Amino acid sequence: MTLDDENSPAYPNLGRFIREAFKILRSGGRLILCTCSRYQQAEGYWWASLIPNALEKVCRRFPPLEHIETTFLETGFEDIQCMVPLHAVLQGENYLDPEGPLKESWRAGDSTWALASQEELTQALDTVRDLLARGKMRDHLTTKENIRRRCGQATFLAARKP
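Note that this is a predicted model, so its numbers are computed, not measured.

K.L.:
I tried to follow unusual backbone geometry on my own but got confused; where do I start?
P.N.:
The phi torsion of most residues other than glycine is negative, and most of the peptide bonds are trans. Even without a glycine there, the phi angle at tyrosine 11 is positive, about 50°. For tyrosine 11, the position within the fold is in the segment before helix 1 (12-24). A positive phi is found at aspartate 79, a non-glycine position, where the angle reads about 50°. Relative to the helices and strands, aspartate 79 resides in strand 2 (residues 78-83). Note on aspartate 79: relative accessible area 34%, which makes it partly exposed.

Have a look at this one:
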C-alpha cells in the first residue's frame, strides 16, 4: 500500500491499511507504525528549511498523529502508545554531513529531496555552498540539531488488538 498523496486529507490508504492489519492480527497482537509529525518533518531535519516547497508537499502526505490515533480507535484497536526516540537520526552517521546536500547519493537518503523542483534544488545547493564558504554551516547545523534533539525525527505509534 502506498502513502496517500498530498491531496487526500482523509488518508484513505492509511485507513485501509489499519483495517487490514486489524483483520489479520491475533487477539493481543500489536500494530506499530513509524511516522513523522508535521512538526518533526519541518524541524527534525537540519536541511528541511532549504527546500520549503518540497517540505510542504511531504508534510501533507503524513497524516496528523491525532488522525492515526482516531483511526486506530475507530477500527477497534486499544491501548494506543506513542514513543518519540529523541536520540535517533534516520540517516545514521551521515546525517550531519554539512556537505551532504551537495551529494546526490546523500539526498537519496530522504525522499523529501525528490519532491524539490530543479529550481528549488539549485537554490538549496547554492545556499549550502554559501553557508560552507562563509563558515556558517556549523552554526546552522548546531541550531537545527538543538531543535531536533527536542522534537525527534520519528514517532512510533503502537496499538493492541483486544
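K.L.:
In this structure, what is going on with the pairing of strand 3 (residues 155-160)? I would like to understand it.
P.N.:
Sheet topology note: the strand 1 (residues 30-35)/strand 3 ladder contains six bridges and is antiparallel. Across the sheet, the residue bridging to leucine 31 is alanine 159, located in strand 3. Pairing between strand 2 and strand 3: four bridges, direction antiparallel. Its bridge partner being in strand 3, cysteine 82 is matched across the sheet by leucine 157.

K.L.:
Is there a simple way to explain the nonpolar core in this structure?
P.N.:
Buried together is how nonpolar side chains tend to be arranged in soluble globular proteins. Judged by nonpolar contacts, the single largest core of 24 residues is most densely connected at Tyr45, Trp46, Trp47, Leu50, Ile51, Trp113 and Met137. Of all the secondary structure elements, the ones that give two or more residues to this core are helix 3 (52-61), helix 6 (118-133) and helix 7 (137-151). Considering every element that reaches this core, the biggest residue donor is helix 6, with five residues. Residues Leu33, Phe72, Phe77 and Ala159 belong to the second largest nonpolar core, which totals 13 residues.

K.L.:
Which parts of the structure should I look at to understand the confidence of the model for the chain?
P.N.:
For any part of a model where pLDDT is low, the fine detail of the predicted coordinates should not be relied upon. For the chain, per-residue confidence averages 93 on the pLDDT scale, and 94% of positions sit at 70 or higher. Mean pLDDT across the elements of the chain bottoms out in helix 3 (92) and peaks in helix 6 (98).

K.L.:
I keep staring at the environment of arginine 134 and nothing clicks. Help me out?
P.N.:
Tracing the backbone shows arginine 134 in the loop between helix 6 and helix 7. Taking the C-alpha atoms as reference points, arginine 134 and glutamine 40, 94 residues apart in sequence, are found 28 Å from one another.

K.L.:
What am I meant to see in the pattern of salt bridges here?
P.N.:
Side chains bearing opposite charge may pair, as long as their charged atoms lie close to each other. Enumeration according to the criterion identifies nine salt bridges in this entry. The partner of arginine 30 in a salt bridge is aspartate 79, with the nearest N and O atoms 2.7 Å apart. Separated by 49 residues along the polypeptide, arginine 30 in strand 1 and aspartate 79 in strand 2 bring together distant segments of the chain. Between arginine 134 and aspartate 130 there is a salt bridge, with the nearest N and O atoms lying 2.9 Å from each other. Overall, arginine 134 belongs to the partly exposed group, its relative accessible area being 48%. Each member of the salt-bridge network shares a partner with another, and the members are Arg30, Glu78, Asp79 and Arg160.

About the criteria used
- Residues numbered from 1 in each chain as written.
- Predicted model: local features only at pLDDT ≥ 70, side-chain atom pairs only at ≥ 80, totals over all residues.
- Heavy atoms only, no water.
- Helix = DSSP H or I, 4+ residues; strand = E, 2+ residues; numbered from the N terminus.
- Buried < 20%, exposed > 50% of the residue type's maximum accessible area, 1.4 Å probe, protein only.
- Pairing = 2+ DSSP bridges.
- Core = buried A, V, L, I, M, F, W, Y, C linked by side-chain atoms within 4.5 Å.
- pLDDT = per-residue confidence, 0-100.
- Salt bridge = Lys/Arg side-chain N within 4 Å of Asp/Glu carboxyl O.

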